[in-house]
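Examination of the molecular architecture
Spelled out, the chains give:
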Amino acid sequence: MLKLHDYWRSSAAYRVRIALNLKGLDYKQDSHDLRTNAQHLDSYKALNPQGLVPALDIGGHILTQSSAIIEWLEETCPEPPLLPRAAADRAVVRAMAGLIACDIHPLNNLRVLRELKKDWNADEAQTKMWAKGWIAEGFTALESLIGRHGNGYCFGDRPTLADCFLVPQVFSAQRFGVSLDPYPNIRAVNERCDEHPAFSRAHPAHQPDADTVDFNTR
């Protein structure tokens, strides 16, 4: 059986959980608490030298980086597809996912915010302002793309790779106090995904390592 090394509140791990659920695959979970730096233990870095989650054990072979893991899932378990049939459409979906994975998420993840506090003496209000600014910039572009290509989901009328990336980023954005009012297309997609069992099952609150700590505590 597949084993997912994750953390309940990790956006990147959340993406992979959604994709695994959409594919209908069974998997075990091995949780690593990022707040205590469990991902930096030698035992875990022997699996993933980057010391990041997620990592997917596919039977002794370890896959890392959420984008690569989901692409592997798409290649090895093609139904239901997470990418459209036409090459140009696949490029659009990958671009939406990349906008989130490359241009939004890295600037508001835990290790970057910790460095802002440590190296630049940023306080909680300043780090939150930093995160909200980059989220807003990315969401503004994504809102337009969904308006152009979406039909209930980010692209078309069924979940794709883009939705696997969007929903965790919305969860993160809401933790930072970002209002979705300026982004009606994003809000509508997120609400529709909330009703989908694969997305609901992947939600941080439904993970075995989820605790009672305030969701706004990083």
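Structure first, text after, so check above.
Described in the following lines is the structure provided in the data block.

The rules behind these values
Residues numbered from 1 in each chain as written. Predicted model: local features only at pLDDT ≥ 70, side-chain atom pairs only at ≥ 80, totals over all residues. Heavy atoms only, no water. Buried < 20%, exposed > 50% of the residue type's maximum accessible area, 1.4 Å probe, protein only. Helix = DSSP H or I, 4+ residues; strand = E, 2+ residues; numbered from the N terminus. Pairing = 2+ DSSP bridges. Right-handed = clockwise from strand over helix to strand, strands pointing away. Axes fitted to C-alpha atoms, helices over the stretch in contact; angles between N-to-C directions. Parallel < 35°, antiparallel > 145°, perpendicular 65-115°, else oblique. Left-handed = near helix turned anticlockwise from the far one by under 90°. Contact = heavy atoms within 4.5 Å. Nonpolar A, V, L, I, M, F, W, Y, C, P; charged D, E, K, R; others polar.

Examining the pairing of strand β1 (residues 2-6)
Buried residues dominate β1, accounting for 4 of its 5 residues. Two elements, β1 and strand β2 (residues 27-31), share 5 bridges in a ladder whose sense is parallel. By the bridge assignment, L4 is partnered in β2 with Q29. As a crossover connection, the stretch from β1 through helix α1 (residues 11-22) into β2 is right-handed. Pairing between β1 and strand β3 (residues 55-57): 3 bridges, direction antiparallel. Bridge pairing in β3 links H5 to A55.

Some thoughts on the packing of α1 against helix α7 (residues 161-175)
At a minimum axis separation of 8 Å, α1 and α7 run at an interaxial angle of 140°. With respect to their mutual orientation, α1 and α7 come out oblique. As for the relative orientation of α1 and α7, their crossing is right-handed in sense. When α1 is examined against α7, the residues S11, Y14, R15, I18, A19 and L22 are found in contact with a partner set consisting of C164, F165, V167, P168, F171 and S172. Partitioned by chemical class, the residues of the contact of α1 with α7 number 9 nonpolar, 2 polar and 1 charged.

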